[in-house]
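Each chain is listed here by its residues.
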Amino acid sequence: MKVFISSTVYDLLDVRAELACELAALGISPVLSDDKLSDFKVDCNVNSIETCLVNVDACDAVILILDRRYGPKLGQFGFEDVSATHLEYRRAAASNKPVHFFVRDRLLADHTIWKRNKKKDEIELAWVESKNHGLFDLLDEHMPLVSKKNGSNWIHTFTSSVDLNTAVRKTFGAIVLPERVVSAIQHNEFPIIDVSVKVEYVASGSRGSPYLSIATDVVNVGGGPAFNVRVHLDSEESAKIPEMVVMPTGKRFPMCSQYPLLTGSECNLTLVVSYESAIGVSVSDRFKIHGAKYGNALSSGGILESRSYRRCSEVTVVIE
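Reading the values: the criteria
- Residues numbered from 1 in each chain as written.
- Predicted model: local features only at pLDDT ≥ 70, side-chain atom pairs only at ≥ 80, totals over all residues.
- Heavy atoms only, no water.
- Pairing = 2+ DSSP bridges.
- Helix = DSSP H or I, 4+ residues; strand = E, 2+ residues; numbered from the N terminus.
- Axes fitted to C-alpha atoms, helices over the stretch in contact; angles between N-to-C directions.
- Contact = heavy atoms within 4.5 Å.

Novice: Would you explain the sheet that holds strand β2 (residues 29–31) in this entry?
Specialist: Hydrogen bonds along the backbone pair up the strands of a sheet, which may run parallel or antiparallel. Taking strand neighbours across the sheet as the criterion, the five strands line up as β2-β1-β3-β4-β5 in an open arrangement whose pairing is parallel. A strand with exactly one partner marks an edge of an open sheet, and here the two such strands are β2 and β5 (156–158). Averaged over all adjacent pairs, the angle separating strand axes in this sheet is 25°, with direction ignored. Of the strand pairs in this sheet, strand β1 (residues 2–6) and β2 are connected by three bridges, and their pairing is parallel. Looking at β2, one finds that K2 is bridged to S29. Packing of helix α2 (residues 48–58) onto the sheet brings it into contact with β1, β2 and β3 (61–66), and relative to β1 it is tilted by some 145°.

Novice: Can you help me understand the sheet that holds strand β12 (residues 281–294) in this one?
Specialist: Strand order in the open sheet made by the five strands is β9-β8-β11-β12-β13, with antiparallel pairing throughout. Edge positions in the sheet fall to β9 (244–247) and β13 (297–311), since each of these pairs with one other strand and no more. For this sheet the average axis-to-axis angle between neighbouring strands, irrespective of direction, equals 30°. When strand β11 (residues 266–276) meets β12, the two strands line up antiparallel, connected through eleven bridges. Counted as the bridge partner of T270 is K288 from β12. Here helix α6 (residues 161–186) sits on the sheet and contacts β12 and β13; the angle it forms with β13, its principal contact strand, is near 150°.

Put into C-alpha coordinates, the structure is as follows:
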(Lines give C-alpha, C1' and ligand atoms only; values in the text may rest on other atoms or scores of the structure.)
Protein backbone atom coordinates (compact mmCIF):
# COMPACT_ATOMS: atom_id res chain seq x y z
CA MET A 1 0.00 0.00 0.00
CA LYS A 2 1.30 3.46 -0.94
CA VAL A 3 0.21 6.58 0.96
CA PHE A 4 0.94 10.15 -0.18
CA ILE A 5 1.69 12.64 2.61
CA SER A 6 0.37 16.07 1.64
CA SER A 7 1.23 19.21 3.62
CA THR A 8 3.43 22.24 3.53
CA VAL A 9 6.99 21.00 3.75
CA TYR A 10 9.61 23.15 5.42
CA ASP A 11 7.62 23.99 8.56
CA LEU A 12 6.65 20.33 9.05
CA LEU A 13 9.85 18.50 8.14
CA ASP A 14 10.07 16.65 11.46
CA VAL A 15 6.36 15.80 11.50
CA ARG A 16 6.54 14.39 7.97
CA ALA A 17 9.68 12.37 8.72
CA GLU A 18 8.20 10.86 11.89
CA LEU A 19 4.98 10.04 10.08
CA ALA A 20 6.90 8.35 7.26
CA CYS A 21 8.66 6.14 9.83
CA GLU A 22 5.33 5.28 11.44
CA LEU A 23 3.83 4.22 8.11
CA ALA A 24 6.91 2.22 7.15
CA ALA A 25 6.69 0.33 10.47
CA LEU A 26 3.16 -0.72 9.47
CA GLY A 27 4.42 -2.05 6.14
CA ILE A 28 3.11 0.95 4.18
CA SER A 29 5.19 2.78 1.56
CA PRO A 30 5.13 6.52 2.41
CA VAL A 31 5.39 8.91 -0.54
CA LEU A 32 6.87 12.35 0.23
CA SER A 33 8.15 14.97 -2.18
CA ASP A 34 10.96 15.95 0.24
CA ASP A 35 12.23 12.41 0.80
CA LYS A 36 14.04 11.11 -2.24
CA LEU A 37 14.41 7.70 -0.59
CA SER A 38 10.63 7.28 -0.56
CA ASP A 39 8.56 6.02 -3.50
CA PHE A 40 8.12 9.56 -4.82
CA LYS A 41 8.71 9.38 -8.57
CA VAL A 42 10.39 12.32 -10.28
CA ASP A 43 9.96 13.01 -14.01
CA CYS A 44 12.53 15.54 -15.15
CA ASN A 45 10.29 16.48 -18.10
CA VAL A 46 7.41 17.57 -15.83
CA ASN A 47 7.27 20.52 -13.41
CA SER A 48 7.29 19.91 -9.65
CA ILE A 49 3.58 20.61 -9.11
CA GLU A 50 2.42 18.25 -11.85
CA THR A 51 4.90 15.66 -10.54
CA CYS A 52 3.23 15.80 -7.12
CA LEU A 53 -0.19 15.32 -8.72
CA VAL A 54 1.06 12.33 -10.72
CA ASN A 55 2.34 10.80 -7.48
CA VAL A 56 -1.04 11.39 -5.84
CA ASP A 57 -2.62 9.43 -8.71
CA ALA A 58 -0.20 6.55 -8.13
CA CYS A 59 -1.03 6.19 -4.42
CA ASP A 60 -3.78 4.24 -2.70
CA ALA A 61 -4.62 6.95 -0.14
CA VAL A 62 -3.63 10.45 0.97
CA ILE A 63 -2.82 11.82 4.41
CA LEU A 64 -3.46 15.57 4.52
CA ILE A 65 -1.88 17.57 7.36
CA LEU A 66 -2.93 21.17 8.03
CA ASP A 67 -1.09 23.30 10.56
CA ARG A 68 -0.46 27.07 10.29
CA ARG A 69 0.86 27.60 6.75
CA TYR A 70 -1.20 27.40 3.56
CA GLY A 71 1.53 27.81 0.96
CA PRO A 72 1.76 30.07 -2.12
CA LYS A 73 -1.12 30.06 -4.57
CA LEU A 74 -0.41 28.65 -8.01
CA GLY A 75 -2.76 30.63 -10.27
CA GLN A 76 0.09 32.55 -11.90
CA PHE A 77 1.68 29.26 -12.98
CA GLY A 78 -1.31 27.96 -14.91
CA PHE A 79 -2.93 25.92 -12.15
CA GLU A 80 -6.02 26.60 -10.04
CA ASP A 81 -5.38 29.57 -7.77
CA VAL A 82 -4.87 27.48 -4.64
CA SER A 83 -1.83 26.09 -2.83
CA ALA A 84 -0.04 22.87 -3.78
CA THR A 85 -1.52 21.08 -0.76
CA HIS A 86 -5.01 22.27 -1.69
CA LEU A 87 -4.46 21.15 -5.28
CA GLU A 88 -3.30 17.71 -4.13
CA TYR A 89 -6.42 17.43 -1.98
CA ARG A 90 -8.67 18.25 -4.94
CA ARG A 91 -6.84 15.75 -7.15
CA ALA A 92 -7.33 12.97 -4.61
CA ALA A 93 -10.98 13.88 -4.01
CA ALA A 94 -11.71 14.00 -7.75
CA SER A 95 -10.45 10.44 -8.16
CA ASN A 96 -12.30 9.22 -5.03
CA LYS A 97 -9.12 8.30 -3.22
CA PRO A 98 -9.42 8.01 0.57
CA VAL A 99 -8.23 11.27 2.14
CA HIS A 100 -7.36 11.13 5.85
CA PHE A 101 -7.63 14.70 7.09
CA PHE A 102 -5.51 15.74 10.10
CA VAL A 103 -5.77 19.28 11.49
CA ARG A 104 -3.78 20.95 14.27
CA ASP A 105 -6.18 21.82 17.11
CA ARG A 106 -4.97 25.44 17.17
CA LEU A 107 -5.87 25.84 13.52
CA LEU A 108 -9.33 24.46 14.16
CA ALA A 109 -9.81 26.91 17.04
CA ASP A 110 -8.84 29.85 14.80
CA HIS A 111 -11.16 28.56 12.09
CA THR A 112 -14.08 28.64 14.54
CA ILE A 113 -13.25 32.23 15.58
CA TRP A 114 -12.88 33.28 11.93
CA LYS A 115 -16.32 31.89 11.07
CA ARG A 116 -17.92 33.56 14.09
CA ASN A 117 -16.49 36.86 12.87
CA LYS A 118 -18.14 36.40 9.46
CA LYS A 119 -14.89 35.27 7.80
CA LYS A 120 -13.21 38.67 8.06
CA ASP A 121 -9.56 38.42 7.04
CA GLU A 122 -8.55 41.50 9.00
CA ILE A 123 -9.12 39.94 12.43
CA GLU A 124 -6.02 38.87 14.34
CA LEU A 125 -5.86 35.22 15.27
CA ALA A 126 -3.55 33.45 17.72
CA TRP A 127 -2.23 30.78 15.33
CA VAL A 128 -2.99 31.55 11.68
CA GLU A 129 -1.83 34.75 9.99
CA SER A 130 -4.12 36.44 7.47
CA LYS A 131 -1.90 35.40 4.51
CA ASN A 132 -2.64 31.78 5.41
CA HIS A 133 -6.43 32.03 5.58
CA GLY A 134 -6.55 29.73 2.56
CA LEU A 135 -6.40 27.00 5.21
CA PHE A 136 -9.90 28.02 6.24
CA ASP A 137 -11.10 27.75 2.63
CA LEU A 138 -9.68 24.23 2.45
CA LEU A 139 -11.42 23.28 5.70
CA ASP A 140 -14.69 24.74 4.42
CA GLU A 141 -14.31 22.76 1.23
CA HIS A 142 -13.77 19.47 3.04
CA MET A 143 -16.14 19.64 6.00
CA PRO A 144 -19.65 20.17 4.53
CA LEU A 145 -21.55 16.89 4.27
CA VAL A 146 -23.48 18.00 1.17
CA SER A 147 -20.27 18.00 -0.89
CA LYS A 148 -19.15 14.59 0.36
CA LYS A 149 -21.65 12.16 -1.11
CA ASN A 150 -18.81 10.03 -2.46
CA GLY A 151 -16.22 10.67 0.23
CA SER A 152 -15.53 11.34 3.89
CA ASN A 153 -15.83 14.76 5.51
CA TRP A 154 -14.25 13.59 8.75
CA ILE A 155 -11.35 15.49 10.25
CA HIS A 156 -8.98 14.33 12.99
CA THR A 157 -7.38 16.86 15.30
CA PHE A 158 -3.90 16.60 16.75
CA THR A 159 -1.88 18.62 19.25
CA SER A 160 1.56 17.15 18.64
CA SER A 161 3.31 14.72 16.34
CA VAL A 162 2.92 12.09 19.06
CA ASP A 163 -0.86 11.96 18.94
CA LEU A 164 -0.79 12.47 15.16
CA ASN A 165 1.30 9.31 14.81
CA THR A 166 -0.94 7.47 17.26
CA ALA A 167 -4.05 8.38 15.25
CA VAL A 168 -2.41 7.36 11.97
CA ARG A 169 -1.24 4.06 13.46
CA LYS A 170 -4.76 3.33 14.68
CA THR A 171 -6.35 4.25 11.34
CA PHE A 172 -3.94 2.49 9.00
CA GLY A 173 -3.08 -0.41 11.29
CA ALA A 174 -6.61 -1.76 10.84
CA ILE A 175 -6.54 -1.17 7.08
CA VAL A 176 -3.27 -2.98 6.37
CA LEU A 177 -3.64 -5.80 8.89
CA PRO A 178 -4.80 -8.35 6.26
CA GLU A 179 -1.80 -7.43 4.10
CA ARG A 180 0.52 -7.83 7.09
CA VAL A 181 -0.84 -11.33 7.74
CA VAL A 182 -0.31 -12.36 4.11
CA SER A 183 3.19 -10.90 4.15
CA ALA A 184 4.05 -12.64 7.43
CA ILE A 185 2.87 -15.99 6.03
CA GLN A 186 4.79 -15.46 2.78
CA HIS A 187 7.98 -14.65 4.69
CA ASN A 188 7.45 -17.53 7.15
CA GLU A 189 7.03 -15.20 10.12
CA PHE A 190 3.53 -16.30 11.17
CA PRO A 191 2.52 -19.27 13.40
CA ILE A 192 0.76 -22.07 11.52
CA ILE A 193 -0.65 -25.07 13.37
CA ASP A 194 -0.84 -28.52 11.86
CA VAL A 195 -1.64 -31.99 13.24
CA SER A 196 -0.38 -35.52 12.78
CA VAL A 197 -2.48 -38.51 13.81
CA LYS A 198 -1.56 -42.09 14.70
CA VAL A 199 -4.07 -44.84 15.57
CA GLU A 200 -3.49 -47.99 17.60
CA TYR A 201 -5.94 -50.83 18.17
CA VAL A 202 -6.28 -52.17 21.70
CA ALA A 203 -8.10 -55.52 21.77
CA SER A 204 -9.02 -55.42 25.42
CA GLY A 205 -9.38 -52.23 27.40
CA SER A 206 -9.89 -51.70 31.11
CA ARG A 207 -13.51 -52.71 30.71
CA GLY A 208 -12.73 -55.67 28.47
CA SER A 209 -13.91 -53.95 25.29
CA PRO A 210 -11.70 -53.12 22.31
CA TYR A 211 -10.96 -49.50 21.48
CA LEU A 212 -8.95 -47.26 19.21
CA SER A 213 -6.21 -45.17 20.78
CA ILE A 214 -5.88 -41.97 18.73
CA ALA A 215 -2.64 -40.07 19.37
CA THR A 216 -2.65 -36.56 17.94
CA ASP A 217 0.37 -34.27 17.77
CA VAL A 218 -0.42 -30.56 17.51
CA VAL A 219 2.65 -28.79 16.10
CA ASN A 220 3.56 -25.24 15.15
CA VAL A 221 5.01 -25.58 11.63
CA GLY A 222 5.11 -21.82 10.98
CA GLY A 223 8.06 -19.46 11.35
CA GLY A 224 6.69 -17.44 14.28
CA PRO A 225 5.61 -18.35 17.82
CA ALA A 226 1.96 -18.93 18.69
CA PHE A 227 0.71 -17.28 21.86
CA ASN A 228 -2.11 -18.22 24.23
CA VAL A 229 -2.71 -21.55 22.53
CA ARG A 230 -5.94 -23.33 23.43
CA VAL A 231 -6.71 -26.90 22.30
CA HIS A 232 -9.87 -28.94 22.82
CA LEU A 233 -12.10 -31.51 21.19
CA ASP A 234 -15.33 -30.01 19.93
CA SER A 235 -17.71 -32.04 22.09
CA GLU A 236 -19.56 -31.45 25.33
CA GLU A 237 -17.77 -34.35 26.98
CA SER A 238 -14.25 -33.13 26.26
CA ALA A 239 -12.49 -30.93 28.75
CA LYS A 240 -10.30 -28.10 27.51
CA ILE A 241 -6.59 -28.71 27.78
CA PRO A 242 -4.72 -26.08 29.85
CA GLU A 243 -3.70 -23.05 27.81
CA MET A 244 -0.10 -22.72 26.61
CA VAL A 245 1.32 -19.22 26.88
CA VAL A 246 3.89 -19.68 24.09
CA MET A 247 4.24 -22.39 21.45
CA PRO A 248 7.55 -21.85 19.63
CA THR A 249 8.25 -22.96 16.07
CA GLY A 250 8.57 -26.75 15.92
CA LYS A 251 6.98 -27.26 19.34
CA ARG A 252 4.78 -30.36 19.54
CA PHE A 253 1.84 -30.82 21.86
CA PRO A 254 0.76 -34.47 22.19
CA MET A 255 -2.73 -35.55 23.19
CA CYS A 256 -4.50 -38.89 23.18
CA SER A 257 -8.13 -40.01 22.92
CA GLN A 258 -9.71 -43.42 23.35
CA TYR A 259 -12.68 -44.45 21.24
CA PRO A 260 -14.58 -47.66 22.20
CA LEU A 261 -15.45 -49.88 19.26
CA LEU A 262 -18.93 -50.78 20.46
CA THR A 263 -21.02 -49.42 17.64
CA GLY A 264 -18.62 -49.31 14.71
CA SER A 265 -15.10 -49.63 13.41
CA GLU A 266 -14.22 -45.96 12.93
CA CYS A 267 -14.38 -42.61 14.71
CA ASN A 268 -14.38 -38.99 13.61
CA LEU A 269 -13.51 -36.15 15.96
CA THR A 270 -13.19 -32.38 15.57
CA LEU A 271 -10.15 -30.76 17.16
CA VAL A 272 -10.25 -27.00 17.73
CA VAL A 273 -7.00 -25.03 18.12
CA SER A 274 -7.06 -21.30 18.87
CA TYR A 275 -3.98 -19.12 19.12
CA GLU A 276 -2.70 -15.57 18.72
CA SER A 277 0.11 -14.02 16.70
CA ALA A 278 2.43 -11.19 17.65
CA ILE A 279 0.86 -8.74 15.16
CA GLY A 280 -2.63 -8.60 16.63
CA VAL A 281 -4.40 -11.45 14.83
CA SER A 282 -5.96 -14.50 16.45
CA VAL A 283 -6.52 -17.74 14.54
CA SER A 284 -9.07 -20.50 15.05
CA ASP A 285 -8.42 -23.86 13.34
CA ARG A 286 -10.81 -26.79 13.12
CA PHE A 287 -9.28 -30.18 12.25
CA LYS A 288 -11.17 -33.35 11.32
CA ILE A 289 -9.46 -36.25 13.09
CA HIS A 290 -10.17 -39.70 11.65
CA GLY A 291 -9.33 -43.16 12.93
CA ALA A 292 -10.60 -46.55 11.73
CA LYS A 293 -9.99 -50.29 11.79
CA TYR A 294 -10.85 -52.28 8.69
CA GLY A 295 -10.08 -55.93 9.34
CA ASN A 296 -6.39 -56.03 10.19
CA ALA A 297 -5.73 -52.61 8.66
CA LEU A 298 -5.70 -49.29 10.54
CA SER A 299 -6.18 -45.88 8.96
CA SER A 300 -5.80 -42.39 10.43
CA GLY A 301 -5.61 -38.78 9.35
CA GLY A 302 -6.04 -35.16 10.30
CA ILE A 303 -7.43 -32.63 7.80
CA LEU A 304 -7.83 -28.88 8.27
CA GLU A 305 -11.54 -28.19 7.94
CA SER A 306 -11.49 -24.41 8.40
CA ARG A 307 -9.19 -21.58 9.47
CA SER A 308 -10.49 -18.15 10.49
CA TYR A 309 -8.70 -14.93 11.43
CA ARG A 310 -9.84 -12.24 13.83
CA ARG A 311 -8.36 -9.00 15.11
CA CYS A 312 -7.07 -9.05 18.67
CA SER A 313 -4.76 -7.05 20.89
CA GLU A 314 -1.08 -7.30 20.07
CA VAL A 315 0.83 -9.58 22.41
CA THR A 316 2.67 -7.75 25.19
CA VAL A 317 5.22 -8.84 27.77
CA VAL A 318 5.13 -7.62 31.38
CA ILE A 319 8.60 -6.94 32.78
CA GLU A 320 8.79 -6.70 36.55
